[in-house]
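Structural overview
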Amino acid sequence: MRDRTLNIAAQSDATVNVKVGMHTFTSPAPGSTNFIAYETKGNVKTLINPTFSNYVLVAGVYAVNANAAQNFDPTTQAILLDGVEFVGPFTQKTGLFRVKS
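These remarks concern the structure in this document. Not measured: the values here are computed from a predicted model.

Next up on the list: the side chain of H23. Among the structural elements, H23 can be located in strand β1 (residues 21-27). Residue classification places H23 among the buried positions, given a relative accessible area of 3%. In this structure the side chain of H23 is engaged in a polar contact, spanning 2.6 Å, whose partner is the backbone oxygen of K19.

Our focus in this paragraph is the environment of N65. Note on placement: N65 falls in the loop between β4 (55-58) and α1 (66-69). Classification of N65 as partly exposed rests on a relative accessible area of 41%. Separated by 30 residues in the primary sequence, N65 and G95 have C-alpha atoms spaced 36 Å apart. Within the local environment of N65, its side chain forms a polar contact with the backbone nitrogen of N67, the two atoms lying 3.1 Å apart.

To continue, consider the pairing of strand β6 (residues 84-88). In the sheet, strand β5 (residues 77-81) pairs with β6 via five bridges, with the strands oriented antiparallel. Looking at β6, one finds that I79 is bridged to F86. Once β5 ends, the chain turns through two residues before running back antiparallel as β6, passing D82 with a positive phi of about 50 degrees.

Parameters and conventions
Once a new chain begins, its residue numbering starts again from 1 and follows that chain's sequence as written. Local features in this predicted model are restricted to residues of pLDDT 70 or higher, and side-chain atom pairs are both shown and tallied only at a pLDDT of 80 or more, whereas totals for entire chains, interfaces and linings draw on every residue. To obtain the side-chain values, all non-hydrogen atoms of the structure were included, while hydrogens and water were left out. Strands here are runs of E lasting at least two residues and helices are runs of H or I lasting at least four, both read from the DSSP assignment and numbered beginning at the N terminus. Using a 1.4 Å probe on the protein chains alone, a residue whose accessible area is under 20% of its type maximum counts as buried, one over 50% counts as exposed, and one in between counts as partly exposed. Within 3.5 Å is the distance limit for a polar contact, defined as a pair of N or O atoms, with the added protein rule that one can donate a hydrogen and the other accept it, and that residues adjacent in sequence qualify only through two side-chain atoms. Pairs of strands are assigned from DSSP output, requiring at least two bridges between the strands.

In short, shape yes, function no, at least from these values alone.
Here it is as structure tokens:
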């Protein structure tokens, strides 16, 4: 990204600011990938997943009491991680980019 080399250890993260415009991301898994950074409002961040490893999103409901929560139960589904099935309010993602808001 703009001729910068970033060495970020596995199982960790780093904050990198990129300017609006076209960039090229290169790593062993996808090779070279062009992407465009757009101007955003607020504190929108994107996670770059260069190894396409599994990310699991967990849905949760926070309510003041059981009656308030009963209409907002997250859907449950089965996901498979390293050959083990997990059932719950999970969504599995493996893409290169993941928008975080």
